[in-house]
Amino acid sequence: MPTTIHDIAREAGVSIATVSKVINNKAHVAHTTREKVLKVMDQLNYVPNASAANLARRFSKNVLYADRFYKGLPYENPHMFDIICGVSHELGRKGYRLSLLNLDSPGKKPEEVLEEAIHSRVADGLIINSVFVVPKVERLLLWHDFPQICIGKPPFDTILSWIDTNNTLSSNLAVEHLISTGCHTLAFMGGQKEDIIFMDRLRGFRTAMERCGFETREEYITYNPPEVEAIFQSATALLKLPSPPDGIICTNSLMAVGTVRAIKESGLRIPEDVSLIAFDDHPYSPMVSPQPTVIDVDLFSLGVHAGNLLLKKIRNPAMLIQTYTALPRLLLRSTTKVRA
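Only a predicted model underlies this, so the values are computations on that prediction, with no experimental measurement involved.

## Looking at the overall build of the chain
Regarding its fold elements, the chain presents 13 helices and twelve strands. Taken over the C-alpha atoms alone, the chain extends approximately 90 × 35 × 35 Å along its principal axes. The burial tally for the chain puts 48% of its 340 residues in the buried class. Residue pairs in contact within the chain that sit at least 24 positions apart in sequence constitute 69% of those at least 6 positions apart. Carbon and sulfur atoms form 53% of the exposed surface of the chain, whose accessible area is close to 16700 Å².

## With respect to the nonpolar core
Judged by nonpolar contacts, the single largest core of 24 residues is most densely connected at Y65, I127, I149 and I151. Only β1 (62-67), α6 (78-93), β4 (148-151) and α13 (299-315) provide two or more residues apiece to this core. The leading source of residues in this core is α13, at seven residues. Residues in contact with I149, not counting those within four places in the same chain, are L126, I127, I128, S161, I163, A306, L309, L310, K313 and I321. Of all hydrophobic cores here, the second largest spans 22 residues; its members include A187, Y220, I263 and I270.

## Some points on the environment of T3
Here T3 is to be found in the segment before α1 (5-12). Residue classification places T3 among the partly exposed residues on the basis of a relative accessible area of 27%. C-alpha separation for the pair T3 and M41, spaced 38 residues apart in sequence, amounts to 9.0 Å. Not counting residues up to four positions away in its chain, the partners in contact with T3 are I8, L44 and Y46.

## Description of the sheet that holds β1
If you trace the six strands from one edge of the open sheet to the other, you get β2-β1-β3-β4-β5-β11, paired in parallel fashion. On the outer flanks of this sheet lie β2 (97-102) and β11 (322-325), each paired with one strand and no other. Within the sheet, the average angular offset between the axes of one strand and its neighbour, ignoring direction, is 25°. With two bridges connecting them, β4 and strand β5 (residues 162-165) associate as parallel partners. Bridging from a neighbouring strand, I151 pairs with I163 of β5. Here helix α7 (residues 110-120) sits on the sheet in contact with β1, β2 and β3 (125-129), set at roughly 145° to β2. With respect to the sheet, α13 is in contact with β1, β3, β4, β5 and β11, its orientation differing from that of β4 by roughly 160°.

## Overview of the pattern of salt bridges
Using the criterion set out here, one finds 15 salt bridges in the structure. When the shortest N-O distance is used, the salt bridge between E90 and R93 registers 3.3 Å. With E90 and R93 both in helix α6 and three residues apart, this pair spans about one turn of that helix. Assessed through its relative accessible area of 54%, R93 is described here as exposed. In this structure, a network of salt bridges that share partners links the residues E90, R93 and K94.

## Overview of α13
If you check α13, its first and last C-alpha atoms are 25 Å apart, about what 17 residues at 1.5 Å a residue would give, namely 24 Å. Three or more residues of α13 are buried, namely L299, S301, L302, G303, A306, G307, L309, L310, L311, K313 and I314. Put simply, D298 is the residue that caps the front of α13, since its side-chain oxygen is 3.3 Å from the backbone nitrogen of F300.

## Observations concerning the packing of aromatic side chains
Overall, the coordinates contain four aromatic pairs when judged by the stated rule. A ring pair is formed by F188 and F198, whose centres lie 5.9 Å apart and whose planes are at 40°; its orientation type is tilted. Here F188 is found in strand β6 (residues 186-190), whereas its partner F198 is found in helix α10 (residues 196-211), with ten residues between them in sequence. When sorted by exposure, F188 lands in the same class as F198, which is buried. Residues F198 and Y223 carry aromatic rings whose centres are separated by 5.8 Å and whose planes lie at 75° to one another, so their mutual orientation is edge-to-face. With F198 in helix α10 and Y223 in strand β7 (residues 221-223), the pair connects residues that are 25 residues apart, well separated along the chain. You can call Y223 partly exposed: its relative accessible area is 34%. By way of ring pairs, the aromatic residues F188, F198, F205 and Y223 are connected into one cluster. Here K193 stacks its cationic end above the ring of Y223, 5.0 Å away from the centre of that ring. A cation sits over an aromatic face here: R261 above F232, 3.8 Å from the ring centre.

Criteria and cut-off values
Residues numbered from 1 in each chain as written. Predicted model: local features only at pLDDT ≥ 70, side-chain atom pairs only at ≥ 80, totals over all residues. Heavy atoms only, no water. Helix = DSSP H or I, 4+ residues; strand = E, 2+ residues; numbered from the N terminus. Buried < 20%, exposed > 50% of the residue type's maximum accessible area, 1.4 Å probe, protein only. Contact = heavy atoms within 4.5 Å. Areas by Shrake-Rupley, 256 points an atom, 1.4 Å probe, with all protein chains shown as cover. Core = buried A, V, L, I, M, F, W, Y, C linked by side-chain atoms within 4.5 Å. Pairing = 2+ DSSP bridges. Axes fitted to C-alpha atoms, helices over the stretch in contact; angles between N-to-C directions. Salt bridge = Lys/Arg side-chain N within 4 Å of Asp/Glu carboxyl O. Expected span 1.5 Å × (residues − 1). Polar contact = N/O pair within 3.5 Å; in protein donor to acceptor, adjacent residues only side chain to side chain. Phe/Tyr/Trp six-rings, centres within 6.5 Å; stacked < 30°, edge-to-face > 60°. Lys NZ or Arg CZ within 6 Å of the ring centre and 35° of its normal.

Below is the structure:
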């Protein structure tokens, strides 16, 4: 009776999945474990089934984009769809398809949804929002040696691959510009704490303020739902502080809509009394009057890079990719003063 992969696993004292990784020359197997498995294969005269190995390596030419998807999301998080469009554009050029994987599945944890998708072999790789990348998910992806790219740097040290924008650099650009135009009291109109992009930008704001010798005061930082009326009320409260801000940074263009309205209805002038700068040119900046000065980050380009890098990982799963891309640029418009 011929030796099977089960015999190799039992004799080497490892899992069948580990033996499979060794046979297919996958990454994330310890050198000593790999050597032990190879030695047992040699002792038992095991010859891998070529047709089975080829089947295991068959490409579906499909990639999954894993995130939470629900009604109204495009208005709350337009960043995501710029990234998805960039990924789809790049994959399409290389003959691949992009499918969406909703991690907000009723009755299932995100790691369960991911494991089902991996076992189904419906895709060759995965692009995942790093907000879902917790240690459990990291262990799952490494165990299956599944090619992946995280959108955003995970909040812990990891050997998973990721790509991100440098939000610290973006916030530094916004802070330095407002200070250079004569602003002395800066406020930050933010989103919700679950929004990883906003929280990165807020960290960058705090760092930039400290570097420039300015104090960050908590009453000048607001946390808002993606609703114009709530943003308007929050900005109005900021402007009623004993020492109101003369410079406001908005974490996205929706914040700029409510904040500009609050400044106008408070009887203040833009930019003479209050300067304003927003992140992201789309989708709302073109509808705001006066046109806001913007820190623009090309997230379509980030998606293109993510798609390209994932295809490289599919060809070489051992490749580790951890990089920043999509540098910010300052678009000067009507809501900030001419530099003093």
